[in-house]
Amino acid sequence: VNQGSLYPALQRLEKAGLIVSEWGATDNNRRARYYRLTAAGRRALGQELESWKRFSTGLDAVLRSN
């Protein structure tokens, strides 16, 4: 992942209400943007994980049947 795809993705997630961001300082006292999941983001993550588990279980079944 490069900056050209990461930051637009973070902006889309923020616009959708799945994450929030705030400015802060790093250990080196440099300005940095910090992101965290919202409650809606945690729910969406849980749904995506369940979807991935179903997909990977199905794929595993197909691969083992051959």
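Everything that follows concerns the structure shown earlier in this document.
What comes next is a walk through the structure.

Reading the values: rules and limits
- Residues numbered from 1 in each chain as written.
- Predicted model: local features only at pLDDT ≥ 70, side-chain atom pairs only at ≥ 80, totals over all residues.
- Heavy atoms only, no water.
- Helix = DSSP H or I, 4+ residues; strand = E, 2+ residues; numbered from the N terminus.
- Buried < 20%, exposed > 50% of the residue type's maximum accessible area, 1.4 Å probe, protein only.
- Phe/Tyr/Trp six-rings, centres within 6.5 Å; stacked < 30°, edge-to-face > 60°.
- Lys NZ or Arg CZ within 6 Å of the ring centre and 35° of its normal.

### Topic: the environment of T26
With respect to the helices and strands, T26 occurs in the loop between β1 (19-25) and β2 (31-37). With relative accessibility at 28%, the residue T26 sits in the partly exposed group.

### Brief notes about the packing of aromatic side chains
This model, assessed by the stated rule, comprises one aromatic pair. When the ring of W52 is compared with that of F55, the centres are 5.5 Å apart and the planes differ by 40 degrees; the resulting orientation is tilted. Taken together, the residues span about one helical turn, with W52 and F55 both in helix α2 (residues 39-65) at a distance of three residues. Positioned above the aromatic ring of W23, the side-chain terminus of R31 is 4.0 Å from the ring centre.

Everything listed here is a matter of geometry and, on its own, says nothing about what the molecule does.
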